[in-house]
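Residue-level structure breakdown
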Amino acid sequence: MDGAGGPGEGPAQEALQSLSRRLQVQEKEMELVKAALAEALRLLRLQAPPTSLQDPGTPGPTRDSSPAAPPGLPPTCSPSSVSRGTQTETEVETESSPGPPGLSNGPAAPQGGGEEPGGTQSEGGGSSSSGTGSPGPPGLLRLVQPPQRTDTPRRNSSSSSSPSERPRQKLSRKAASSANLLLRSGSTESRGGKDPLSSPGGPGSRRSNYNLEGISVKMFLRGRPITMYIPSGIRSLEELPSGPPPETLSLDWVYGYRGRDSRSNLFVLRSGEVVYFIACVVVLYRPGGGPGGPGGGGQRHYRGHTDCVRCLAVHPDGVRVASGQTAGVDKDGKPLQPVVHVWDSETLLKLQEIGLGAFERGVGALAFSVADLGAFLCVVDDSNEHMLSVWDCSRGTKLAEIKSTNDSVLAVGFNPRDSSCIVTSGKSHVHFWNWSGGAGVPGNGTLTRKQGVFGKYKKPKFIPCFVFLPDGDILTGDSEGNILTWGRSLSDSRTPGRGGAKETYGIVAQAHAHEGSIFALCLRRDGTVLSGGGRDRRLVQWGPGLVALQEAEIPEHFGAVRAIAEGLGSELLVGTTKNALLRGDLDQGFSPVIQGHTDELWGLCTHPFQNRFLTCGHDRQLCLWDGEGHALAWSIDLKETGLCADFHPSGAVVAVGLNTGRWLVLDTETREIVSDITDGNEQLSVVRYSPDGLYLAIGSHDNMIYIYSVSSDGAKSSRFGRCVGHSSFITHLDWSKDGNFIMSNSGDYEILYWDVAGGCKLLRNRYESRDREWATYTCVLGFHVYGVWPDGSDGTDINSLCRSHNERVVAVADDFCKVHLFQYPCARAKAPSLVYGGHGSHVTSVRFTHDDSHLVSLGGKDASIFQWRVLGPGGAGPAPATPSRTPSLSPASSLDV
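Per chain, the residues get numbers from 1 upward, laid out in the order the sequence is written. At least 70 in pLDDT is required for a residue's local features to be given in this predicted model, at least 80 for side-chain atom pairs to be given and counted, and no such filter applies to totals for whole chains, interfaces and linings, which use all residues. Side-chain calculation: all heavy atoms of the structure are included, whereas hydrogens and water are not.

The chain is annotated in an unreviewed UniProt entry as Echinoderm microtubule-associated protein-like 3 of Physeter macrocephalus. UniProt positions are given in the numbering used here, feature names are shortened, and annotations may be inferred rather than shown by experiment. If you open the UniProt record of the chain and go to Function (unreviewed entry), you find "Regulates mitotic spindle assembly, microtubule (MT)-kinetochore attachment and chromosome separation via recruitment of HAUS augmin-like complex and TUBG1 to the existing MTs and promoting MT-based MT nucleation. Required for proper alignnment of chromosomes during metaphase."

Here it is in structure tokens:
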């Protein structure tokens, strides 16, 4: 700034200097007062054993009581004030309390140290937008020298210094005594010969001088330290639960069906079970519901695949099934190769693994031979050349292979009367292949192609399906809505692609069957053919000569027909493009037996006292599911993407957060919107009612948490305040059990605490919240759950977390298609877990039902919903509700994770 000032700058500068001097005087006076208080505390300790002045069993802070102080300090003293006033002329050291005499806390955090530079650093390492954080609390102080020292002042005793001079002397020695404290805290000799408490992190663990030994633990995400304070009831992390939990998960039900982007995905087995797939799971479903295996209804699941299943084929015996999966990557980024599994549908045991390392990208289509009772398997992969290969099913060996076409291949099949004839169809082609087995010698077989000629008929863009007729003709369904009949004819010199064969196929008839593409053809037992249309959603039965006999229309909200399978009697099973599975017949119509979402899922909440849960996602559908009946109770169109939801404790209403900053409250019985409010214009990531139902917290991507007061029935809401202080978008939040406080996480790994009842204030000293009890635990960052994070995590590996209501286990949804089950609390680094696969995409959310009998998990891109049964120790039902299993312990030393 320029040296010359304005005419009024002199008086203003003088006033500013005067204020500065007054502030310095006041600060000195405060230091003297603090020193005097510390001296009084020291004198009081000389009259009593060095035990905690606060009852360890004192309940945590509530709205009407002051926050708990560090062990050994009066409730009215804050850690920041004690850290400046407890250094006296007597030698001191830190000591944990309550607990064995040998336990010791480390040094207090320096003011403005690495954890909170300038007082604005959040617990998670991100800078808060406002406020000044207090330094971490020191340990309890105790005397090293015996109290008989002659120079130790006692109450009512005289001293060489007057009472007014004594605080000034202590103040002058403040820096030196602090240095002595830092030096002596790690010395065994200064602790009276007691062994120091070693860190469970081992000699190689990293420590920083701002990580309070015995007060906190520290982990790193993307190189950023995240400090979490240890509850006062824990004296050693080694005494916390270790090992995987005794509870286990068993897949109970899978909601959804992959019909939107796949085919060859619906068959009926000899047992009467319907087999289809979604994500990495092949589902065997017996219509009628109820638990059990074949003959008992319900669902069973083949879970041998490591990535998404793309196609199915059923062996002629009606028992064995072949399923092909796509390529993927594991959690370390290593590629997982596509493969075909041949397995027994009765035992769910894998019989053969075919083609590991032989396919590229994925298995697009496959089929068993029929004429020789399923001795061979034909596979088309998803490589650029769409390699066509024939395999010996019993040996798992490849007999022949050839490049089929650069165009996509959508279907493949053996001629049921002649296994040497294979047909493929797809984009703008129908190919007829002649296969010679080469005497069964692996690799010696040959495949020759004959291309189907359309001649005078319009060549369609796609031919998605075909079926073999009993007389040897072939019907194809195409994207023009036509059914073409292909018949055998003698080849001649004008027939292209004859490949030396004596016969070829040509079109002998055409019938316009549907408006839009034909997605499915099915040959019935009575010789008639069923066709399923796309745009017109019609299901038509055709007699000889392609004469229409009967038809039915699928309701619009179920989508178009994707696959058709014939069940028992006249019963039909129909898969649709909106991931629904319908059951019925052409006379009575169709009703859904399996339904699901059609796009990425994110929002999930469970009912407070019923076995129901609600989901929402990018398909803009809000769905309420009956967990006992395994059915969709209702669904509505949100018109926007739903990302989060939560039930009011009464269960009468549910709040849903959308991607536009808008949130709705709906009546769960009438499905009517009773409230429609917008906060900002960024997407909402979390909505959560307080346990008493009086407040609703809404976490937004605009870095704010909006708080609303809620009426007793949940129907009316009014703005109560905003929690402002996060430096990144809100990811998770939880309410305390008393409904007064909130713990929240953000995108830059912050852990902040808020006093909602006190005016939505940010709690500067997070240490005071270490003993607070939380009604739910869904925050992915916190002391009680930091052990769930894997080594080398980038901070986005865990999408969701949920503690069971009985506080025994924690379920985790990760980015690697897995659901994990940990013991709670999970406060040990690299904690072991039980890992469950099945999802084919990142798992976006997990929630326990109200009685902890089930866990619900959502797949992201695979749009699947898994309902897991929680089994107690020994495979029994869910464990009974118990209080928190966190031991009643005292602080331990810090860890570097």
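Comments concerning the nonpolar core
As used here, the term nonpolar core means buried Ala, Val, Leu, Ile, Met, Phe, Trp, Tyr and Cys residues forming a set that is joined through side-chain atoms within 4.5 Å. Buried, partly exposed and exposed residues are distinguished by accessible area as a fraction of the type maximum, computed with a 1.4 Å probe on protein chains only: under 20%, between the cut-offs, and over 50%, respectively. By size, the foremost hydrophobic cluster in this structure holds 42 residues, and its most contacted members are Leu 266, Tyr 276, Tyr 285 and Leu 855. Helical segments are the DSSP runs of H or I of at least four residues, strand segments are the runs of E of at least two, and each set is numbered from the N terminus. Top element by residues in this core is strand 5 (residues 248–255). It accounts for 5 residues. Aside from chain neighbours lying at most four places away, what touches Tyr 285 is Trp 253, Glu 273, Val 274, Tyr 276, Gly 298, Gln 299, Leu 581, Val 593 and Ile 594. Formed by 34 residues, the second largest nonpolar core is a distinct cluster that contains Val 217, Ile 751, Tyr 753 and Cys 826. Here, residues are in contact when the closest pair of their heavy atoms is within 4.5 Å.

Focus on unusual backbone geometry
Cis peptide bonds are those with omega within 30 degrees of zero, and the linkage from Tyr 824 to Pro 825 qualifies with -5 degrees. In this fold, Pro 825 is placed in the loop between strand 54 (819–823) and strand 55 (834–836). Residue Ala 279 is not a glycine yet carries a positive backbone phi of 55 degrees. Note on placement: Ala 279 falls in the loop between strand 7 (274–278) and strand 8 (281–286). Backbone geometry places Arg 671, a non-glycine residue, at a positive phi of 65 degrees. By the secondary structure assignment, Arg 671 is in the loop between strand 42 (662–667) and strand 43 (673–678).

Describing the UniProt feature "repeat: WD" (unreviewed entry) in the chain
Feature annotation in UniProt places "repeat: WD" (unreviewed entry) on residues 594–626, 677–718, 723–756 and 836–870, given in this structure's numbering. Measuring from the first to the last C-alpha atom of residues 594–626 gives 12 Å, for a span that is 0% helix and 58% strand. Measuring from the first to the last C-alpha atom of residues 836–870 gives 12 Å, for a span that is 0% helix and 54% strand.

Some remarks on the layout of surface pockets
Cavity and pocket criteria rest on a 1 Å grid covering protein atoms alone: a 1.4 Å probe that fits but cannot get out defines a cavity, protein on both sides within 12 Å along at least 5 of 7 lines defines an open pocket, and an atom within 4 Å of a point defines a lining residue. Grid points are joined across faces, edges and corners, and a volume is the space filled by probe spheres set on the points. Taken as a whole, the largest pocket spans an internal volume of roughly 1400 Å³. Contributing elements (two or more residues each) for the lining of the largest pocket: strand 6 (266–268), strand 10 (309–314), strand 16 (363–368), strand 20 (409–415), strand 24 (465–468), strand 28 (518–523) and strand 32 (561–566). Residues of the lining of the largest pocket, tallied by class, amount to 30 nonpolar, 8 polar and 6 charged. Three residue categories are used. Nonpolar comprises Ala, Val, Leu, Ile, Met, Phe, Trp, Tyr, Cys and Pro, charged comprises Asp, Glu, Lys and Arg, and polar comprises the others, including Gly.

Some remarks on the sheet that holds strand 16
Only strands that DSSP links by at least two bridges are regarded as paired with each other. Reading across the sheet, the 4 strands line up as 16-17-18-19 and stay open at both edges, with antiparallel pairing between neighbours. Looking at strand neighbours, the two that pair on one side only are strand 16 and strand 19 (397–403), the edges of this open sheet. Sheet twist, expressed as the average angle between the axes of neighbouring strands with direction ignored, equals 20 degrees. Here strand 17 (residues 376–381) pairs with strand 18 (residues 387–392) via 5 bridges, running antiparallel. Every angle, taken between N-to-C directions, lies between 0 and 180 degrees, and every axis is a line fitted to C-alpha atoms, over only the stretch in contact when it is a helix.

Structural notes on the pairing of strand 20
When you tally the buried positions in strand 20, you get 7 out of 7 residues, the bulk of the element. In this sheet, strand 21 (residues 418–426) lies alongside strand 20 in antiparallel orientation, the contact comprising 6 bridges. Bridge pairing links Val 412 to Thr 424 in strand 21. Between strand 20 and strand 21, which pair antiparallel and follow one another directly, the connecting turn spans 2 residues.

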